[in-house]
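Here's the letter readout for the chains.
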Amino acid sequence: MTLKFEQFDNQFGARIHGLHEDRIIGQQLVEELAAGLTEHGVLLMRGGEISPRRLVELGRAFGELEILPEPDKRHPDHPEIFDLTNVRKDGAVVDFEEPQAVFLRGTERWHTDSSFRKVPCLCTMLYAVEVPDAGGETQFANMYAALEQLPDDLRYVVNGKRLIHSYVYSRANNPGRMDPMSPEEEAKYPAVSHPWVRTHKDGRQSLYMGGHVSHVEGMDLDEGRELVEEVLVAATKSEFVYEHHWAENDLVIWDNRSTLHRLRPYEISARRRIMRRVTVAGVDPVR
Ligand SMILES: [Fe+2]
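A.B. asks: Got a sec to walk through the overall build of the protein chain? Specific residues and values, please.
C.D. replies: For the protein chain, the helix and strand inventory stands at eight helices and 15 strands. At 19 Å, the protein chain has a C-alpha radius of gyration in line with the 19 Å of a compact globule built from 287 residues. The C-alpha extent of the protein chain, read off along each of the three principal axes, is 55 × 45 × 35 Å. Counting only contacts in the protein chain whose residues sit at least 6 apart along the sequence, the fraction spanning at least 24 positions is 81%.

A.B. asks: Give me the nonpolar core: which residues, what numbers.
C.D. replies: One finds C123, M125 and L207 to be the most contacted residues of the largest nonpolar core, which totals 55 residues. Of all the elements, strand 5 (residues 123-130) adds the most residues to this core, at five residues. Beyond its immediate stretch of four places on either side in the chain, C123 contacts L37, F62, I253, W254, D255, N256 and V280.

A.B. asks: I'd like to hear about helix 1 (residues 27-40), residue by residue, with values.
C.D. replies: Taking 1.5 Å per residue, 14 residues should reach 20 Å; helix 1 reaches 20 Å between its end C-alpha atoms and fits that length. Contact partners of the buried residues in helix 1: strand 1 (4-7), strand 2 (14-17), strand 3 (42-45), strand 5 and strand 13 (251-255). Within two residues after helix 1, G41 carries a phi angle of roughly 80°, on the positive side.

A.B. asks: Could you give an account of unusual backbone geometry, with specific residues and numbers?
C.D. replies: A positive phi angle, near 60°, is found at Q11, a position not held by glycine. Structurally, Q11 is set in the loop between strand 1 and strand 2. Residue Q11 is classed as partly exposed on the basis of its 13 C-beta neighbours within 10 Å. Although it is not a glycine, N249 adopts a positive phi angle of roughly 75°. Here N249 lies in the loop between strand 12 (241-244) and strand 13.

A.B. asks: Provide a residue-level description of the pairing of strand 5, including the pertinent values.
C.D. replies: The buried fraction of strand 5 is high, at six of eight residues. With five bridges connecting them, strand 5 and strand 13 associate as antiparallel partners. Each bridged residue has a counterpart across the sheet, and for L126 the counterpart in strand 13 is V252.

A.B. asks: Give me the lowdown on the sheet that holds strand 6 (residues 138-142), citing residues and values where you can.
C.D. replies: The strand order 12-6-14 describes an open sheet built from three strands, whose pairing is antiparallel. The sheet terminates laterally at strand 12 and strand 14 (259-263), the two strands that pair on one side only. Neighbour-to-neighbour, the strand axes of the sheet open up by a mean angle of 20°, direction not taken into account. Note that strand 6 and strand 12 share four bridges and pair antiparallel. What sits directly across from T138, in strand 12, is H244.

A.B. asks: Kindly report on the environment of R117, identifying the contributing residues and their values.
C.D. replies: Note that R117 resides in the loop between helix 3 (99-105) and strand 5. In this structure R117 comes out as partly exposed when scored by C-beta crowding, with 19 C-beta atoms within 10 Å. On a C-alpha basis, the gap between R117 and F96 in space is 29 Å, while along the polypeptide they are 21 residues apart.

A.B. asks: Residue-level account of the sheet that holds strand 2, with values.
C.D. replies: Backbone hydrogen bonds are what pair the strands of a sheet, in a parallel or an antiparallel way. Spatially, the seven strands line up as an open sheet ordered 1-2-3-13-5-15-4, and their pairing is mixed. A single partner strand is all that each edge strand has here, and the edge strands are strand 1 and strand 4 (82-85). Across the sheet, the mean angle from the axis of one strand to that of its neighbour is 25°, orientation sign disregarded. Sheet strands in contact with helix 2 (residues 52-60) are strand 5 and strand 15 (274-280), and its direction is about 30° off that of strand 15.

A.B. asks: Explain the environment of K188 to me, using residue names and the numbers behind them.
C.D. replies: Along the polypeptide, K188 turns up in the loop between helix 7 (183-187) and strand 8 (192-195). For the pair K188 and Y167, spaced 21 residues apart in the sequence, the C-alpha separation amounts to 9.7 Å.

A.B. asks: Tell me about the environment of E239, residues and numbers included.
C.D. replies: One can find E239 in the loop between helix 8 (221-235) and strand 12. For the pair formed by E239 and V252, sequence separation is 13 residues and the distance between their alpha carbons is 20 Å.

A.B. asks: Explain the pairing of strand 3 residue by residue, including any values.
C.D. replies: The two faces of the sheet receive side chains in turn, since in a regular strand these alternate between them. Two strands pair when backbone bridges link them, and strand 2 and strand 3 are joined in this way by two bridges, in the parallel orientation. Paired with A14 across the bridge in strand 3 is L43. For the crossover that starts at strand 2, traverses helix 1 and ends in the parallel strand 3, the hand is right-handed. Summarising the sheet, strand 3 and strand 13 pair through four bridges and their orientation is antiparallel. Bridge assignment links L43 to a residue of strand 13, and that residue is I253.

A.B. asks: Pulling in residues and values, what's your account of helix 8?
C.D. replies: What sets the pattern is the α-helix's 3.6 residues per turn: residues three or four places apart point alike. The first and last C-alpha atoms of helix 8 sit 21 Å apart over 15 residues, in line with the 21 Å expected at 1.5 Å per residue. Within helix 8, burial applies to V228, V231 and A235. One side of helix 8 holds all its buried residues, which, seen down the axis, span an arc of 70°. Set apart from the buried face of helix 8 by more than 90 degrees, the exposed residues are D222, E223, E229 and V233. Buried positions along helix 8 lie against strand 6, helix 4 (143-148), helix 5 (152-158), strand 10 (205-207) and strand 11 (213-216).

Calculation notes
Residues numbered from 1 in each chain as written. Predicted model: local features only at pLDDT ≥ 70, side-chain atom pairs only at ≥ 80, totals over all residues. Helix = DSSP H or I, 4+ residues; strand = E, 2+ residues; numbered from the N terminus. Rg over C-alpha atoms; globule rule 2.2 N^0.38 Å. Contact = placed C-beta atoms within 7 Å. Core = buried A, V, L, I, M, F, W, Y, C linked by C-beta atoms within 7 Å. Buried ≥ 20, exposed ≤ 12 C-beta atoms within 10 Å, placed from the backbone. Expected span 1.5 Å × (residues − 1). Pairing = 2+ DSSP bridges. Axes fitted to C-alpha atoms, helices over the stretch in contact; angles between N-to-C directions. Right-handed = clockwise from strand over helix to strand, strands pointing away. Arc of directions from axis to C-beta.

In structure tokens:
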């Protein structure tokens, strides 16, 4: 073992030591990173600056990288990097209601990235270039612990049920108003069904849900949505949550298979927050 994982309090999340900028990422390191991610759910690299090239290299250690659909948000030299920023191309901070701000504010709901895909992504990496001095934290919730400690009556209800995840639904229910999608666009994102209780390769189980969930398969819409809300509240209690307070140059990597996350509000039209995101594609469908 050449990397060291220093666990955060609460047995959820860990800081990585020993992964310097000049270290070549070989097979052994790849295996250690993958094992660390599965074990801890959230990983933090804190220290020196990470170049865009290195960020892509680190992402590739986990798997194939996704290229996100919006070309205007891609990093000019590295299309695998998605620029998440409230600073416009002209250098001004966005207005509260403009599309760029509305998109960012949409991530204030608990979710797991790309759960609306048949094969959702494996992990996301977020690197902080510039962060506000108040607000803009990211919270992560441990879905292994949440399932383990779910009250018996809820555990009984979620077992064996499937949730319908839909990008069209989550986008239409974004807290800010987004432009409606054309029928052609909608057709690109058919709703998918995933089990509510996800079984991982090692046999462990966790809850799998979040902001892209439209409803419970085979259940009355309203009744199902109420149930989803009830389970979400139970699953995101503070004892399952790690709140990350960003420092510049922080890189946080989270396992989308077993965690939920959300952005905490900040003064989006006053304080600059510039992040670079890399998304690692999933390999297996949710089981
Ligand atoms: Fe996200």
